[in-house]
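Breakdown of the fold
Now for the letters of each chain:
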Amino acid sequence: MTTIGLVVFGLVSLLALMSLLPPLAARLRLPYSVLLAVVGFILGAVVSLRPDQVIPSPMLHDIFDALGSVEISSEAFILIFLPTLLFEVALAIDVRRLIDDIAPVLTMAVVAVVICALTVGVALATASPFGLVACLLLGSIVATTDPAAVVGIFREVGVPKRLTTLVEGESLLNDAAAIALFTLLLEMQLSGGEGSIGGTIFRFLESFGGGALAGLILARAACALFPFLGGWPRAEITLTIALAYLSFVVPEHYFHVSGVVSCVTAGLVLGSTGKTRMSAHTFEQMEAVWSQLGFWANSLIFLLAAMFVPRIMEGTSLTEIGFILLVFLATLAARAITVFALLPLLTRAGLMQRINNRIKTVIVWGGLRGAVSLALALAVIENAAVPAPVRDFIATSVTGFVLMTLFINGITLRPLVNFFRLNRLNPVARGVRDRAKLMTLTDVAGELNDIARTEGVDREIADAALSGLEARLGVARARSHRGVELMADEMVKVGLTVAAAFEVERCFALLNGRIVDRRIAEMLLREAQHVREAVRASGRKGYIAAAERGLGFNPGIRFALWLQRRLRIERPLADALADRFEFLMMQRRVLSGLVPFSRDRLQPLIGEEAAAEIIGLTARRIEAVERSLLALKLQYPAYAAALQRQYLGRIARQRESAAYESLAANLVVSGEVERELKAELEQHWTGLDERCKLDPELSAVDLVGRVPIFRDLDIKRQQAIAHLLTPQLVLPDSVIVRRGEKGDAMYFVASGAVRVVVEPSVELGSGEFFGELALLTGHPRNADVVALGYCKLLALKARDFQRLLAQDAGLKARIEQVAQERLNVGERLSFG
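This part covers the overall build of the chain. Across its full length, the chain holds 35 helices and 8 strands. Overall size of the chain, expressed as C-alpha extent along the three principal axes, is 115 × 90 × 60 Å. The buried share among the 832 residues of the chain stands at 50%.

In structure tokens, the structure reads:
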């Protein structure tokens with residue numbers, strides 16, 4: 001067999017072996033990575049012994065030749081497998097959770113890498129004859145962690161999702177930080193230890209930050225291409241694979257920044273935006289493809305790296321075993337310092353939730369090392385510029401240490417979790433479990449009874465089948481009643497968490513049904529995710545606070561207002577108002593589905609009282625959204641009508657398309673007919689997805705014509721006055737003037753209404769004005785004036801005030817008359 005044939009045969013044999021290992025690991029209750037290491041070690045030993053020389057079998061001989069021919073360099077390990085491993089994990093991480101826990105994640109990833117490298121380096125430099133740089137290099141290699149085992153156990157025993165994200169995020173950024181530090185220390189080792197600490201730190205930060213920026217740019221570029229690839233799922237998925245490798249290679253080789261950090265960043269960006277850039281079906285396909293690629297890469301890199309172990313560990317001395325034990329103890333100590341000393345400081349600073357000591361112990365013990373450490377050690381072994389004693393020292397120490405973490409920590413991790421009873425549900429979770437079971441069994445019993453009756457099943461057989469269900473129902477009812485004592489606040493929090501997750505799913509349903517475009521869907525998803533995280537952190541209070549913040553005006557719309565007022569640029573303001581308009585309409589639709597969901601699905605789980613509380617909170621939130629939407633409708637009724645027409649059109653298109661799909665699925669029409677019907681549908685609704693244009697209606701000339709005291713003037717005079725006035729849109733509840741300020745302008749209300757904050761308060765509507773007294777008297781303003789809704793004002797600056805009065809005696813008389821009337825009735829303090 002040719003060399004290429006042997007390599008292919010060897011890889012295919014390994015793939016066949018890999019397919020048998022996951023079920024075997026489950027039966028043996030071993031972490032998958034531990035079983036991979038064992039099998040790889042055995043394969044390496046068997047290939048070295050070559051038992052086929054004794055057994056005359058051509059096929060067996062070819063198999064051992066094939067396995068022996070599969071030797072991959074460290075560069076191949078890093079370039080072929082590492083991008084896939086990093087990108088697959090990054091895609092699966094909840095970026096919102098990662099951002100919320102960024103302080104502890106960075107502490108566990110970056111700070112912990114430095115602590116581990118220093119602890120191991122100083123310990124080995126003290127106990128061994130090797131220099132500090134070589135020992136620090138070894139410390140950076142063993143600083144990488146493999147979260148597969150601990151994450152798998154965490155998910156199995158129901159550890160809070162936040163802790164799983166912490167461990168996954170730690171490993172993801174930990175690899176990036178450790179490899180960046182490894183690269184710098186290897187350069188120092190090759191240069192004879194030259195270079196300052198400050199310079200090393202600067203290069204580390206430059207590499208890390210530059211990699212993050214490169215990954216962000218490349219991922220954004222890829223996301224911009226997805227709309228052009230819409231309808232071609234294979235092309236979209238292929239682009240994600242290209243992105244993983246390009247984001248790794250391009251920054252590393254052309255810009256000399258961290259390709260690892262770039263690849264991780266690209267995966268995080270794609271994972272956070274992909275759901276809104278791809279169809280739901282395409283995104284599911286992409287996740288499945290990357291899950292398969294991740295499985296192959298993780299399994300192959302472990303097997304191939306473990307096959308080197310027998311050769312590396314051959315002839316290990318007692319001194320080298322002592323170094324291995326020292327590395328093991330030093331890494332445990334470094335991880336304990338990070339978890340037990342630094343994380344509590346973050347908790348006190350309010351940057352993360354408290355973690356009890358049992359979970360901290362599991363996190364410390366779960367710091368397994370794996371294939372990345374072996375690949376980095378292999379890179380040192382293959383580098384002839386590194387002195388041979390240093391190469392042997394690093395190879396033996398790293399390999400022995402990785403085996404210790406896998407065979408000691410990995411095997412004992414599950415018993416440790418059981419010992420601390422972390423696999424037991426808390427009272428609230430048990431209560432929800434019991435009620436979920438009761439609800440499900442009740443539904444199943446009812447459906448089974450209906451099926452038996454409608455399909456003519458013998459009554460005796462049906463009763464026998466139902467009797468087993470009734471027995472289980474009795475147990476479930478008893479358990480459910482025992483859980484009645486659960487705290488109401490806790491059940492409300494559970495219900496709000498489920499409702500928030502349902503809200504996220506409703507947002508995706510609107511996007512996938514093409515009811516809402518991608519931009520608004522992303523706004524809705526951000527809001528829903530903020531609410532979900534607030535509920536997890538603070539329950540009912542967090543829900544209320546997050547809902548109120550969601551209806552506030554973001555910095556984007558305020559910046560657009562600034563542009564309009566200062567530079568007379570209206571387009572950003574029109575876009576921001578249009579986004580808010582559509583966001584509020586779609587949010588009302590999303591929230592409208594929460595009330596029946598809470599009544600029909602949540603109530604059996606959390607009880608009537610807690611469900612009623614959630615329905616009340618949702619109803620109040622809907623009312624607040626409707627008030628905000630009404631304020632916009634009153635100011636822009638034409639745009640509101642256009643949005644409603646577009647919304648109904650999109651609903652009609654979605655329902656008609658779904659009907660055609662149903663006909664095709666039930667074989668009523670053929671695939672060709674379905675495609676023809678859908679093509680006609682798309683042609684009919686051409687232009688439906690184009691954005692409705694909103695006119696902010698802030699033309700000074702048009703607004704001047706709305707003010708009664710200007711309305712009767714001729715058009716030339718109105719235009720002249722318009723040059724002196726500045727149109728402004730004011731947001732609801734905004735303070736237009738403040739008491740005590742120096743008066744620099746007066747204001748004409750062209751549309752909307754304002755409230756003068758006095759006792760009793762005074763409201764001014766369209767056509768009225770305020771702020772003139774401060775300009776006439778020179779006194780400070782004596783009251784706040786607040787917008788009651790969206791208001792269109794015309795501002796007349798102080799420098800133009802006297803000029804306008806001098807040009808128009810009638811206007812001067814009118815303003816002075818109103819001012820005198822206000823002074824006469826004692827309202828001077830109200831309007832100054």
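Now, onward.
As a further point, take the environment of His684. Assignment of secondary structure puts His684 in helix α28 (residues 671-684). Taking the C-alpha atoms as reference, His684 lies 9.3 Å from Arg653; in sequence the two are 31 residues apart.

With their axes 8 Å apart at the nearest point, helix α11 (residues 233-254) and helix α12 (residues 259-277) run at an angle of 155 degrees to one another. With respect to α12, the element α11 is oriented roughly antiparallel. Read as a crossing pair, α11 and α12 show a hand that is right-handed. Across from Glu236, Thr240, Leu243, Ala244, Ser247, Phe248, Pro251 and Glu252 in α11, the residues of α12 making contact are Gly259, Val260, Ser262, Cys263, Ala266, Leu270 and Arg277.

A pair of packed helices can be characterised by two numbers: the angle between their axes and the separation between those axes. Where helix α21 (residues 488-512) contacts helix α22 (residues 518-550), the axes come no closer than 9 Å and their chain directions differ by 175 degrees. The orientation of α21 with respect to α22, classified from their angle, is roughly antiparallel. Classifying every residue of the contact of α21 with α22 gives 15 nonpolar, 3 polar and 7 charged.

This part covers the sheet that holds strand β3 (residues 745-751). Strand order in this open sheet of 4 strands is β1-β8-β3-β6, and the pairing throughout is antiparallel. Looking along the sheet, the strands with just one partner apiece sit at the ends: β1 (725-730) and β6 (769-770). Both β3 and β6 contribute to a ladder of 2 bridges, which runs antiparallel. By the bridge assignment, Tyr747 is partnered in β6 with Phe770. Together, β3 and β8 (791-797) form the strand contacts of helix α33 (residues 798-807), whose direction differs from that of β8 by roughly 80 degrees.

The next thing to look at is the pairing of strand β7 (residues 784-787). Pairing between strand β2 (residues 735-737) and β7: 2 bridges, direction antiparallel. Pairing of Val735 across the sheet is with Val786, part of β7.

Glancing now at the nonpolar core. Within the largest apolar cluster, 134 residues are counted, with the highest numbers of intra-cluster contacts made by Phe77, Phe87, Leu138 and Ile394. Looking at this core, the element that brings in the most residues is helix α9 (residues 161-190), giving 14 residues. Discounting chain neighbours no more than four positions away, the residues touching Phe77 are Ile72, Leu82, Ile301, Leu304, Ala305, Phe308, Ala375 and Leu378. Counting 72 residues, the second-largest nonpolar core is a separate cluster that includes Ala560, Leu561, Ala640 and Tyr790.

So, on to the pairing of β8. Each regular strand shows side chains that alternate between the opposite faces of the sheet. A large share of β8 lies buried, amounting to 6 of its 7 residues. One ladder, built from 6 bridges, connects β1 with β8; its direction is antiparallel. Residue Gln728 lies in a different strand from β8, and its bridge partner there is Leu793. As paired strands, β3 and β8 are joined by 6 bridges and run antiparallel to one another. In the strand pairing of β8, Ala745 is matched with Lys797.

Glancing now at the packing of aromatic side chains. All told, the structure shown has 13 aromatic pairs when counted by the stated rule. Ring centres of Phe323 and Phe393 lie 5.6 Å apart, and the angle between their planes is 90 degrees; this geometry places the pair in the edge-to-face category. Of this pair, Phe323 sits in helix α15 (residues 318-348) while Phe393 sits in helix α18 (residues 388-419), and the two are 70 residues apart along the sequence. When its relative accessible area of 4% is taken as the criterion, Phe393 is described as buried. Taken together, a centroid distance of 6.1 Å and an interplanar angle of 10 degrees make the contact between Phe559 and Trp562 stacked. Pair noted here: Phe559 and Trp562 are both in helix α23 (residues 555-567), with a separation of 3 residues, about one helical turn. Residue classification places Phe559 among the exposed positions, given a relative accessible area of 51%.

Attention shifts here to helix α17 (residues 371-382). Its 12 residues give α17 an end-to-end C-alpha distance of 16 Å, which sits within 8% of 16 Å, the value for a rise of 1.5 Å per residue. Every buried residue of α17 is listed here: Ala371, Val372, Ser373, Leu374, Ala375, Leu376, Ala377, Leu378, Ala379 and Val380.

So, about the side chain of Ser628. Here Ser628 shows up in helix α26 (residues 608-635). The residues touching Ser628, leaving out its near neighbours within four places in the chain, are Leu551, Arg580 and Leu584.

Attention now goes to the confidence of the model for the chain. In this model, the chain carries an average pLDDT of 84, and 92% of its residues clear a pLDDT of 70 or more. Confidence drops under pLDDT 50 across residues 827-831; counting only partners more than four residues distant or on other chains, this segment forms 18 contacts.

This next bit is on the sheet that holds β7. Pairing is antiparallel in the open sheet, where 4 strands are placed in the order β2-β7-β4-β5. Taken across any chain shown, the strands that pair with only one partner, and hence form the sheet edges, are β2 and β5 (762-764). Adjacent strand axes in the sheet meet at a mean angle of 30 degrees, parallel and antiparallel pairs treated alike. Relative to β7, strand β4 (residues 754-757) runs antiparallel, the two sharing 4 bridges. Of the residues in β7, the one forming a bridge with Val754 is Ala787.

This part is about the side chain of Arg650. Tracing the chain through its elements places Arg650 in helix α27 (residues 637-665). A relative accessible area of 2% places Arg650 in the buried class. Among the polar contacts made by the side chain of Arg650, one reaches the side chain of Glu582 at a distance of 3.4 Å. If sequence neighbours within four positions are ignored, Arg650 has contacts with Arg514, Ile515, Val516, Asp517, Glu582, Leu688 and Asp689.

The rules behind each value
- Residues numbered from 1 in each chain as written.
- Predicted model: local features only at pLDDT ≥ 70, side-chain atom pairs only at ≥ 80, totals over all residues.
- Heavy atoms only, no water.
- Helix = DSSP H or I, 4+ residues; strand = E, 2+ residues; numbered from the N terminus.
- Buried < 20%, exposed > 50% of the residue type's maximum accessible area, 1.4 Å probe, protein only.
- Axes fitted to C-alpha atoms, helices over the stretch in contact; angles between N-to-C directions.
- Parallel < 35°, antiparallel > 145°, perpendicular 65-115°, else oblique.
- Left-handed = near helix turned anticlockwise from the far one by under 90°.
- Contact = heavy atoms within 4.5 Å.
- Nonpolar A, V, L, I, M, F, W, Y, C, P; charged D, E, K, R; others polar.
- Pairing = 2+ DSSP bridges.
- Core = buried A, V, L, I, M, F, W, Y, C linked by side-chain atoms within 4.5 Å.
- Phe/Tyr/Trp six-rings, centres within 6.5 Å; stacked < 30°, edge-to-face > 60°.
- Expected span 1.5 Å × (residues − 1).
- pLDDT = per-residue confidence, 0-100.
- Polar contact = N/O pair within 3.5 Å; in protein donor to acceptor, adjacent residues only side chain to side chain.

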